[in-house]
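Observations on chain architecture
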Amino acid sequence: MKKIAILGSTGSIGTQTLEVVREHADELSVVALSAGHNKDRLMAQIQEFHPALVSLADEKLALELEKELAGTGITVMAGMEGLIAVAGAQDADVVVTAVVGMVGILPTMEAIRKGKDIALANKETMVTAGHLIIPMAKKYGVSILPVDSEHSAIFQCLRNARSQEVDKILLTASGGPLRGKTLEELEKVTLEDALHHPNWNMGKKITIDSSTMVNKGLEVMEAHWLFDVDYENIEVVVQPQSVIHSMVQFEDGAILAQLGAPDMKMPIEYALFYPQRRHLSGERLDFSTLKSITFEKPDQNVFRGLKLAFDAGRTGGTMPTVFNAANEKAVALFLNRQIGYLDIVRLIEKCMDAHSVQAEPSLEEILATEQWVYSEMENML
């Protein structure tokens, strides 16, 4: 029986992780869960999966939950302290990091220190602190198992390969709901337009990131750290059908690709059972009805978020943190209808232009940079 803890259990990845647990109840059990503000959904999860430890971001809601769970023996915690406790849960073998944003850095580090393998769905941790996380995982002998469909695909293609054999990573993108739009058309994009993804069922923030291609930019930076590949050897290819999840080109010109239906439960299950595979119910690709698999080059002049991500990654230091934090804040503003769609990338670029880069930042400097971005953006609005 493999025991898991989930950071962000009520979000899209968290709930799909629990679907995988439900399908493999004889092999997986849940020992700890953390959520943001959805107390009712967390309570339903507690009643079904019986974790020993749970946490909510909101302290008031956590106190309410603690009263409701009185006499059950379940420990209830709150805030960052609770996240860190869930990440370091004593009995957990694997920690699924499914929270959104840089809030995942400290809990991920705690899980690594406690020797837990990481099923990584929190790309912001790797983007902003990859230079700290990768050496730390090696020091503690911890595996980082990617949950993003693209990175899982690359991970699978690289199985049994030697790093010196890799020529290029081909990171695929669906193009999102606004693929093919001009800048003039993007000026008129509404929140509803940006949230209407044609292929994937994801949370609101990541769906907006997909529409701007900022998400793909974050994945480029994540791939750089996960697979130790230079930015010059990472190429983004738009694959609108979301059938090919990513590819690896080797030095002899051979290319391996991982294909499958657009279902996040596949990479989640692969991470939880690695290096083995298990049966998973759900859709299968039917090549007799698949009419075509097409490819496009992303337009980085229109979707400038992708170009800015490459710029931030190559610059390094604190610049990826600026890119990520500015995007987090800007997307939150857009979701609250306080700024226009193209203002997201404009604000990212303004913050990057205003920033003085610190090389090889410590954790404290990374978190200070995040706060600098938020303050800088307040002055820009």
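Before reading on, note that the structure itself is shown above.
Thresholds, definitions, all that
- Residues numbered from 1 in each chain as written.
- Predicted model: local features only at pLDDT ≥ 70, side-chain atom pairs only at ≥ 80, totals over all residues.
- Heavy atoms only, no water.
- Axes fitted to C-alpha atoms, helices over the stretch in contact; angles between N-to-C directions.
- Helix = DSSP H or I, 4+ residues; strand = E, 2+ residues; numbered from the N terminus.
- Parallel < 35°, antiparallel > 145°, perpendicular 65-115°, else oblique.
- Left-handed = near helix turned anticlockwise from the far one by under 90°.
- Contact = heavy atoms within 4.5 Å.
- Nonpolar A, V, L, I, M, F, W, Y, C, P; charged D, E, K, R; others polar.
- Pairing = 2+ DSSP bridges.
- Buried < 20%, exposed > 50% of the residue type's maximum accessible area, 1.4 Å probe, protein only.
- Right-handed = clockwise from strand over helix to strand, strands pointing away.
- Phe/Tyr/Trp six-rings, centres within 6.5 Å; stacked < 30°, edge-to-face > 60°.

Orientation of helix α14 (residues 319-335) relative to helix α16 (residues 363-380), taken along the N-to-C sense of each, is 45°, at an axis distance of 9 Å. Judged by the angle between their axes, α14 and α16 are oblique. Of the two possible hands of crossing, α14 and α16 adopt the one that is right-handed. Contacts between α14 and α16 involve Thr321, Val322, Ala325, Ala326, Glu328, Lys329, Ala330 and Leu333 on the former and, on the latter, Ile366, Thr369, Glu370, Trp372, Val373, Tyr374, Met377 and Glu378. For the contact of α14 with α16, the residue count by class is 10 nonpolar, two polar and four charged.

Take the packing of helix α7 (residues 149-157) against helix α11 (residues 214-227) next. How two helices sit against one another is set out by the angle between their axes and by the gap between those axes. In contact at an axis separation of 10 Å, α7 and α11 are set at 30° when each is read in the N-to-C sense. Comparing their axes, α11 and α7 come out roughly parallel. Two packed elements cross with a definite hand, and for α7 against α11 that hand is right-handed. Judged by residue contacts, Glu150, His151, Ile154 and Phe155 of α7 engage Lys216, Glu219, Glu222, Ala223, Leu226 and Phe227 from α11. By residue class, the composition of the contact of α7 with α11 is five nonpolar, one polar and four charged.

The sheet built from four strands is open, its strands ordered β9-β8-β10-β11 with mixed pairing. Two strands bound the open sheet, and with one partner strand each, they are β9 (234-238) and β11 (255-259). Strand after strand, the sheet turns through a mean of 20° between neighbouring axes, direction not considered. Relative to β11, strand β10 (residues 244-250) is paired through five bridges, and the arrangement is antiparallel. Pairing of Gln249 across the sheet is with Ile255, part of β11. Against the sheet, α11 touches β8 (166-173) and β9, its axis set at about 150° to β8.

For His131, the position within the fold is in helix α6 (residues 123-140). Taking the relative accessible area as the measure of exposure, His131 reaches 15% and is therefore buried. Leave out the neighbours within four places in its chain, and His131 touches Trp225, Glu360, Pro361 and Ile366.

For the rest of this paragraph, the subject is the pairing of strand β3 (residues 53-56). Residues of β3 alternate between two faces, with Leu53 and Ser55 on one and Val54 and Leu56 on the opposite face, all of them buried. Inspection of the sheet shows strand β2 (residues 28-35) paired to β3 by four bridges, in the parallel sense. Within β3, the residue paired with Ala32 across the bridge is Leu53. The handedness of the β2 to β3 crossover, carried by helix α2 (residues 39-49), is right-handed. Bridge count for β3 against strand β4 (residues 75-78) is four bridges, and the pairing is parallel. Paired with Val54 across the two strands is Val76, which belongs to β4. Handedness of the crossover joining β3 and β4 through helix α3 (residues 59-68) is recorded here as right-handed.

Okay, the packing of aromatic side chains next. Both the distance between ring centres and the angle between the ring planes are used here to describe each pair of aromatic rings. In this structure the tally under the stated criterion is four aromatic pairs. Aromatic side chains Phe155 and Tyr274 sit 5.0 Å apart centroid to centroid with 50° between the ring planes, which places their arrangement in the tilted category. One end of the pair, Phe155, is in helix α7; the other, Tyr274, is in the loop between α12 (265-273) and α13 (304-315), with 119 residues separating them in the sequence. Between the aromatic rings of Tyr270 and Tyr274, the centroid separation amounts to 5.7 Å while the plane-to-plane angle is 65°, which identifies the pairing as edge-to-face. Exposure remark for Tyr270: the relative accessible area of 6% places this residue in the buried category. A connected cluster of aromatic rings, assembled from ring pairs, spans Phe155, Tyr270 and Tyr274.

Right, let's talk about α12 for a bit. In terms of burial, α12 is a largely internal element, eight of the nine residues being buried. Along α12, the residues that are buried comprise Lys265, Pro267, Ile268, Glu269, Tyr270, Ala271, Leu272 and Phe273.

Interpretation note: all reported values are geometric properties and have no functional meaning in isolation.
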